[in-house]
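# Residue-level structural notes
What follows is each chain in one-letter form.
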Protein chains: 6
Amino acid sequence: MTNPAVPAVRPDGRAPDELRPVRITRGWLDAAEGSVLVEFGATRVLCAASFTEGVPRWKKGSGEGWVTAEYAMLPRATSTRSDRESVKGRVGGRTHEISRLVGRSLRAVVDVAALGENTIVLDCDVLQADGGTRTAAITGAYVALADAVAWGVRHGHVKGGRTVLTDSVSAVSVGIVDGVPMLDLPYVEDVRADTDMNVVVTGSGTFVEVQGTAEHAPFDRAELDTLLDLAVAGNARLAELQRAALAQEPAR
Amino acid sequence: MTNPAVPAVRPDGRAPDELRPVRITRGWLDAAEGSVLVEFGATRVLCAASFTEGVPRWKKGSGEGWVTAEYAMLPRATSTRSDRESVKGRVGGRTHEISRLVGRSLRAVVDVAALGENTIVLDCDVLQADGGTRTAAITGAYVALADAVAWGVRHGHVKGGRTVLTDSVSAVSVGIVDGVPMLDLPYVEDVRADTDMNVVVTGSGTFVEVQGTAEHAPFDRAELDTLLDLAVAGNARLAELQRAALAQEPAR
Amino acid sequence: MTNPAVPAVRPDGRAPDELRPVRITRGWLDAAEGSVLVEFGATRVLCAASFTEGVPRWKKGSGEGWVTAEYAMLPRATSTRSDRESVKGRVGGRTHEISRLVGRSLRAVVDVAALGENTIVLDCDVLQADGGTRTAAITGAYVALADAVAWGVRHGHVKGGRTVLTDSVSAVSVGIVDGVPMLDLPYVEDVRADTDMNVVVTGSGTFVEVQGTAEHAPFDRAELDTLLDLAVAGNARLAELQRAALAQEPAR
Amino acid sequence: MTNPAVPAVRPDGRAPDELRPVRITRGWLDAAEGSVLVEFGATRVLCAASFTEGVPRWKKGSGEGWVTAEYAMLPRATSTRSDRESVKGRVGGRTHEISRLVGRSLRAVVDVAALGENTIVLDCDVLQADGGTRTAAITGAYVALADAVAWGVRHGHVKGGRTVLTDSVSAVSVGIVDGVPMLDLPYVEDVRADTDMNVVVTGSGTFVEVQGTAEHAPFDRAELDTLLDLAVAGNARLAELQRAALAQEPAR
Amino acid sequence: MTNPAVPAVRPDGRAPDELRPVRITRGWLDAAEGSVLVEFGATRVLCAASFTEGVPRWKKGSGEGWVTAEYAMLPRATSTRSDRESVKGRVGGRTHEISRLVGRSLRAVVDVAALGENTIVLDCDVLQADGGTRTAAITGAYVALADAVAWGVRHGHVKGGRTVLTDSVSAVSVGIVDGVPMLDLPYVEDVRADTDMNVVVTGSGTFVEVQGTAEHAPFDRAELDTLLDLAVAGNARLAELQRAALAQEPAR
Amino acid sequence: MTNPAVPAVRPDGRAPDELRPVRITRGWLDAAEGSVLVEFGATRVLCAASFTEGVPRWKKGSGEGWVTAEYAMLPRATSTRSDRESVKGRVGGRTHEISRLVGRSLRAVVDVAALGENTIVLDCDVLQADGGTRTAAITGAYVALADAVAWGVRHGHVKGGRTVLTDSVSAVSVGIVDGVPMLDLPYVEDVRADTDMNVVVTGSGTFVEVQGTAEHAPFDRAELDTLLDLAVAGNARLAELQRAALAQEPAR
């Protein structure tokens, strides 16, 4: 799937429009209703889905369920150690922001009425970080969510026979590095990118979230369009990998 | 500047591509090196720029300055009262996220080497909230920042005669409400929008930040393109208003 | 009302027993049940009264209402920037102390049985500080409270036709600066005062709170008496200004 | 010292202008540079003075010392148990307010230049509370402070031979209970008082702090004057007891 | 009870197997249902037992009671002042660990079914620390607990006539100092010990908790056995002292 | 190594004195100076050792290094989800206690003078919990520590050629379940145990830490002796497994 017009300049030998090797391991935990160890190259995120009956107070009696997410990093997921947020006594801005993004992305494909008054919490813990941790988290969390929904159906907590998940959802990063638009940036490229964008897309190819940031140099409309094209193609490939992972035996 | 192809359906009588009345009042505070009360309709944000010599420890000796921002809401800025974050003892995820967005947006037009080892903190406090508080904050904060930079130059803290601000920057929200793409959403439209996007653009029309979110229904590429067009046009109008405000006498 | 025996030595040309220009602007916020922007010279405090049905748990079933207050300062209200209490993760001692003072002062003129099981929270946020922020807060908060009570009566939440507010209440600072007792100190006088006293008085002239402090030099009974005289006269003038403000059309 | 014009109506048989039995035990701790167990009736406060060389960063190089105080209550000092502030993770408003009052009161009699760049921290921990804990804390802390200053002189940390303590300081509560002004209220009277005042007075009879509060009914000038008279007389008696305690052998 | 085979080398003249002077003063507080000031030499801990009807939510309906403990130190209990945990905003690891140890030790001798749905909280506040604060706390807290249980029985809150306390419990430290196993270490010995062990034993001589730690040099089985022998003998003596204290008149 | 005198009664078919299958995987993380995924049956702990030059302020200039540890659990490590400590804003007592235990245990085999002024932090994060998480953490952390020390030697940060690790260290749990002393309890046995003991032992068989707790029934000296025997034998087997793991190629 490489694009011959763009030279292969990447440190790991990938073409600019090529994903890193992606692995989705279901059932990594014994107890969680859904769990996935997802790997985008060296980035490794453990996604655990916890299904509980009932909803938070502000949803009670609504007939609707709730899906939320929490993202965090182990202190030595990165090349130098970071202090624990539990020890610092507060969750940092970046952690908050990504947790909210993961939750919103998943809710975009959940029919909360079909879920009924049940709650699914997705814990996405980064065991090793090499760029793209939030996009790996979303991609893996969707699979864990699908397993948890299936668990809820099998155990009779989700009733009515309606489909809870209206689509799949995945995410990938894109960016412009040394003037070249590239897909799925590892850390070494991420720090050099002028523009960095995370794009969350459904299995049917519509956008759930587009977050593009230019800390170094603003970008123009043509660059934005190229990045969106790359991201849509990358997410189509991730959706296939999610389908393939879920086509295997139920994890639990 | 209304677009005749789109019917004027908005509660406040505006055309879909029309901004709310925008007011930029410089010098609202006596002591701050830059200060602006910015109003987008009923949304009212006080932006204060504090200029101090020196930089945080991790920038010392770099020869570069630092620009950062903090966003917050007064408890009764909204239609019902919210608890204070100081009383809760922690800053919420939304506050963190917007503070970071405002800071990044401003840094995109700052030449930190030209600023020298000085720090400018932008405090954006929402006195009244009616949608678009983060976009008003960015738009007003740029003007306060420009006044603080001018103050630093006048008082000899910024040396070397290079231009600190490489461009202006503003922001506006766009969204799809009942199928119609619209510019600058007040609260009543914001809650009904399927897609909500905040777009930060420089005075020369390039993108600094694109944040589009679909909590209700994913959006397709055509919708995304229309929203970006609306946002670029709205920001061009905001850049004019910023220029006009700064063309008046120095505030301090 | 100047006292010819005391020379006019003040930086702003006032006589020692003269208030700064006081402005009380009702209805500054669209949504709050009562709101006032109060100005004592350059000191500017936004007082918002939030009326809600019901009372805290420990008052339930008592038939009585509850009135409380929270005071805070914006980070750049002062001549140099202060860190946000939300970011520090805790409310400081001074903030706590003033919040409690404002609440007690207002409760002194509220008949909680006549209010019924309703709660009114007064948020007093200092937008610009030039001395006397707590006394301005009390003086403005009383007017916002009166509007919120009237709102509760008009909307049928306060029943029984009894008068909720048994009196008005205002506050002013007094102090001894260079041996001269003075009324309503701005920051520049406040820091030089040997004795600093805040006196809260009802519209009928009785005391609600007397807080006199000598950080530099203890004061004697004669000085205390003079300060109390000044404060009683100043509060009488503030009570007139409150009455005049409330005599206008209802704010909402 | 009873006043025949006021009937003895108090639960413990005291005359209205009579103090509770006061005990000041010096040297209650082995390690502290000054320490006092002070008792006002059943109220029991342990005051520890910690003398350290050096001052906080903001006083460095000033040539002046620093005196500060922290007040707290053990969880079962009161008739029912209170949660610990350490467990709640924040210091409450009342604790903050009293800590600040104790610190200010002591600083009023300290010549910080004579103290030199040394710090004395007064920890006032209420072991048993029966009203008047803040006034007992101030009264006891002064004696602990005097011992710590003497320790600093004896050990050569306070140089120059100037007197550090310019006067003594003590405090007592007064209040109007059932219309009768009374001195030194225990808890059972305190809760019934219409007006409650804490008055801090130097050994030479001048005022350091006057804090009068009317939560139930405002008070008039005549009542205020009577309360001040009672407090001045009570503090004169406390100053005698402090002198007597300090006249004994040095504690350490 | 000294052992002639071990030379008396201790700074306070004690034999290696001798306790410091132990004092148990019941009824030190007026309001607490049980209270003890316990002294192991210069170590002084105030233990207050608070009896309340009802149990935490997770025990409701179980028919069983709950006993828990909180341990803390006053800031100047030690030779230099420590910061307050309330001011730091968090309880330290050591405090948590000892609180949990005290609670577990007491629960080992409580028949929670016989206690019925009542809660007893033991607050152990160290007023002066000279080593062995946790063992003094357990030893004193048992006596305060016994008084609180008796209070509950006398006031009819503990019903059914069954014995709530199945045994007594006490604790003592042992350690190896300069190669010599020793009982009940004061601070000066504690800091020099290679091995430090706290042993909690019932009145009938069985173990509740054995916590041995070698920060400097690991210890062998023979040393462990000797330390356990010393601790068992020391606890037998403490159990006698507890019995003697409780044999006196009820404290309240 | 099973003992024929004790019947094999355990749910997983093990003999009472048999360890669960233990796996030690070195080099699980790319960046950490030492890292181990350790498994005791279904218990899975990721141990990361971070080597940094320099020591905390209180060790500066001592010539000695510092080794410390932090233990934590992922929210879904357990059968039901726990709230994150970072979100709660405080580290719980159990977490604190285990972190301190792991740190002390490792320091017992470190010659801090030979380490020089370097710091090694061990992060032990429980990915899946099935009993014995603290003992697995100590056992795995030792191996990660050994790799980090070797890294420090290879990179020239540890100088002088002296041996930093004076011995190996491991830990195992033992307990009495239904009257039978057992080694290495999984969760299902742990909750039923009358006595629960964690024993930390060096490779040469001496004790570093003995923590025995009887929440249900006190234990006697004979039981204690049997448990210590089991633990010593189990730790001997763990020391062999550590040696075997470290005998392979250096991980990094």
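Residues numbered from 1 in each chain as written. Chains lettered and ligands numbered in written order. Predicted model: local features only at pLDDT ≥ 70, side-chain atom pairs only at ≥ 80, totals over all residues. Heavy atoms only, no water.

### Quick notes on the relation of the copies chain F and chain E
- It takes a turn of 180° to lay chain F on chain E, together with a shift of 0.0 Å along the axis; the resulting RMSD is 0.0 Å. The superposition operator between the copies reduces to a two-fold rotation axis. Scanning chain F for the C-alpha nearest the rotation axis identifies Q211 of chain F, at a separation of 2.3 Å.
- Taken as a fraction of all interface residues of chain F, those also at the interface in chain E reach 100%, which identifies the copy contact as same-surface. (Least-squares fit on C-alpha atoms with pLDDT ≥ 70 in both. Contact = heavy atoms within 4.5 Å.)

### Observations concerning the confidence of the model for chain A
- Averaged over all residues, the pLDDT of chain A equals 93, while 95% of them reach at least 70.
- Across the assembled chains, the prediction reports ipTM 0.92 with pTM 0.87. (pLDDT = per-residue confidence, 0-100.)

### Structural notes on the interface of chain A and chain B
- Taken together, the 29 residues of chain A in the interface contact 29 residues of chain B.
- Carbon and sulfur atoms supply 48% of the area that chain A and chain B bury against each other, a total of about 2,800 Å² over both sides.
- One can count six salt bridges joining chain A with chain B.
- In this structure, E97 of chain B and R100 of chain A form a salt bridge, with 2.7 Å as the shortest nitrogen-oxygen distance.
- For the side of chain A that touches chain B, the secondary-structure elements that each account for two or more residues are α2 (93–107), β9 (207–213) and α6 (221–247) of chain A.
- In the sheet, β9 of chain A pairs with strand β9 (residues 207–213) of chain B via five bridges, with the strands oriented antiparallel. Directly across from T213 of chain A, in β9 of chain B, lies its bridge partner E209 of chain B. (Buried area = accessible area lost by both parts, 1.4 Å probe. Salt bridge = Lys/Arg side-chain N within 4 Å of Asp/Glu carboxyl O. Helix = DSSP H or I, 4+ residues; strand = E, 2+ residues; numbered from the N terminus. Pairing = 2+ DSSP bridges.)

### Structural notes on the arrangement of the chains
- Considering only C-alpha positions, the minimal separation of the non-contacting chain A and chain D is 10 Å.
- There is a clear gap between chain C and chain F: no contact, and 10 Å between their nearest C-alpha atoms.

### Observations concerning the interface of chain F and chain E
- Taken together, the contacts link 29 residues of chain F with 29 residues of chain E.
- Summed over both sides, the interface of chain F with chain E buries roughly 2,800 Å², with 48% coming from carbon and sulfur.
- On the surface where chain F and chain E come into contact, there are six salt bridges.
- Residue D225 of chain F pairs with R221 of chain E through a salt bridge whose shortest N-O separation is 3.6 Å.
- Partitioning the side of chain F that touches chain E into residue classes produces ten nonpolar, eight polar and eleven charged. (Nonpolar A, V, L, I, M, F, W, Y, C, P; charged D, E, K, R; others polar.)

### Description of the pattern of salt bridges
- Across all of its chains, the model carries 132 salt bridges over all chains by this definition.
- Put simply, E33 of chain D and R76 of chain E hold a salt bridge, and the shortest N to O gap is 2.7 Å. Of this pair, E33 of chain D sits in the loop between β1 (22–26) and β2 (34–40) while R76 of chain E sits in the loop between β4 (66–73) and α1 (85–88), which puts the two residues in different chains. Each member of the pair, E33 of chain D together with R76 of chain E, is buried.
- Among the charged side chains, a network of salt bridges with common partners joins E70, D123 and D125 of chain A together with R81, D83 and R84 of chain F. (Buried < 20%, exposed > 50% of the residue type's maximum accessible area, 1.4 Å probe, protein only.)

### A closer look at the sheet that holds strand β2 (residues 34–40) of chain C
Residues and elements named next belong to chain C.
- If you trace the five strands from one edge of the open sheet to the other, you get β1-β2-β3-β5-β4, paired in mixed fashion. Strands with a single pairing partner mark the edges of an open sheet, and in this sheet they are β1 (22–26) and β4 (66–73). Taken pair by pair, the neighbouring strands of this sheet meet at an average axis angle of 15°, ignoring direction.
- Both strand β3 (residues 43–53) and strand β5 (residues 118–128) contribute to a ladder of ten bridges, which runs antiparallel. The residue bridging A49 from the neighbouring strand is L122, located in β5.
- Across the sheet, helix α2 (residues 93–107) lies against β4 and β5, angled at about 145° from β4, the strand it touches most.
- Lying on the sheet, helix α6 (residues 221–247) is in contact with β1 and β2; it crosses β1 at an angle near 30°. (Axes fitted to C-alpha atoms, helices over the stretch in contact; angles between N-to-C directions.)

### As for the relation of the copies chain A and chain B
- For the match of chain A to chain B, the screw axis carries a shift of 0.0 Å, the RMSD comes to 0.0 Å, and the turn is 180°.
- A symmetric contact is evident, with 100% of the interface residues of chain A recurring at the interface of chain B.

### Considerations on the packing of helix α4 (residues 133–154) of chain D against helix α6 (residues 221–247) of chain D
Residues and elements named next belong to chain D.
- It is the contact of α4 with α6, at a shortest axis distance of 10 Å, that shows an interaxial angle of 30°. Accordingly, the angle class assigned to the pair α4 and α6 is roughly parallel. Here the hand of the crossing between α4 and α6 comes out right-handed. In this structure, α4 uses T139, Y142, V143, A146 and D147 to contact α6, whose residues at the interface are L238, Q242 and L246.
- For the contact of α4 with α6, the class distribution of residues is five nonpolar, two polar and one charged. (Parallel < 35°, antiparallel > 145°, perpendicular 65-115°, else oblique. Left-handed = near helix turned anticlockwise from the far one by under 90°.)

### Describing the packing of aromatic side chains
- One pass over the structure, following the stated rule, counts 18 aromatic pairs over all chains.
- Geometrically, the ring pair formed by F207 of chain A and F219 of chain B is stacked, given 5.7 Å between the ring centres and 25° between the ring planes. Here F207 of chain A is found in strand β9, whereas its partner F219 of chain B is found in the loop between β9 and α6 (221–247) on a different chain.
- For R44 of chain A, the ring lying beneath its charged end belongs to W28 of chain F, and the centroid distance is 4.4 Å. (Phe/Tyr/Trp six-rings, centres within 6.5 Å; stacked < 30°, edge-to-face > 60°. Lys NZ or Arg CZ within 6 Å of the ring centre and 35° of its normal.)

### With respect to the sheet that holds strand β8 (residues 195–202) of chain E
- Strand order in the open sheet formed by eight strands is β7(E)-β6(E)-β8(E)-β9(E)-β9(F)-β8(F)-β6(F)-β7(F), with antiparallel pairing between adjacent strands. Here the strands that pair on one side only, and so sit at the sheet edges, are β7 (180–183) of chain E together with β7 (180–183) of chain F. Each adjacent strand pair in this sheet contributes to an overall mean axis angle of 15°, direction not counted.
- Of the strands in this sheet, β6 (169–177), β8 (195–202) and β9 (207–213) of chain F are in contact with helix α4 (residues 133–154) of chain F, which crosses β6 of chain F at around 165°.
- Across the sheet, helix α6 (residues 221–247) of chain F touches β9 (207–213) of chain E together with β6, β7, β8 and β9 of chain F, and the angle it forms with β6 of chain F is around 145°.

### Comments concerning the pairing of strand β1 (residues 22–26) of chain F
All names here are of chain F.
- Residues V22, I24 and R26 of β1 are buried on one face, while the alternating residues R23 and T25, pointing to the opposite face, are not.
- Note: β1 against strand β2 (residues 34–40), five bridges, orientation antiparallel. Following the sheet pairing, R26 is matched in β2 by V36.

### A look at the UniProt feature "domain: Exoribonuclease phosphorolytic" (unreviewed entry) in chain A
- The UniProt record annotates "domain: Exoribonuclease phosphorolytic" (unreviewed entry) at residues 18–148 and 168–233 of chain A.
- Between the first and last C-alpha atoms of residues 18–148 of chain A the distance is 30 Å; the span itself is 30% helix and 32% strand. (UniProt positions renumbered as here; feature names shortened; annotations may be inferred.)

### Structural notes on helix α2 (residues 93–107) of chain F
- A rise of 1.5 Å per residue sets the reference length of α2 of chain F, with its 15 residues, at 21 Å; its end C-alpha atoms lie 21 Å apart and thus fit the reference within 8%.
- Every buried residue belonging to α2 of chain F is among G93, T95, E97, I98, S99, L101, V102, G103, R104, S105, L106 and R107 of chain F, and all of these are buried. (Expected span 1.5 Å × (residues − 1).)

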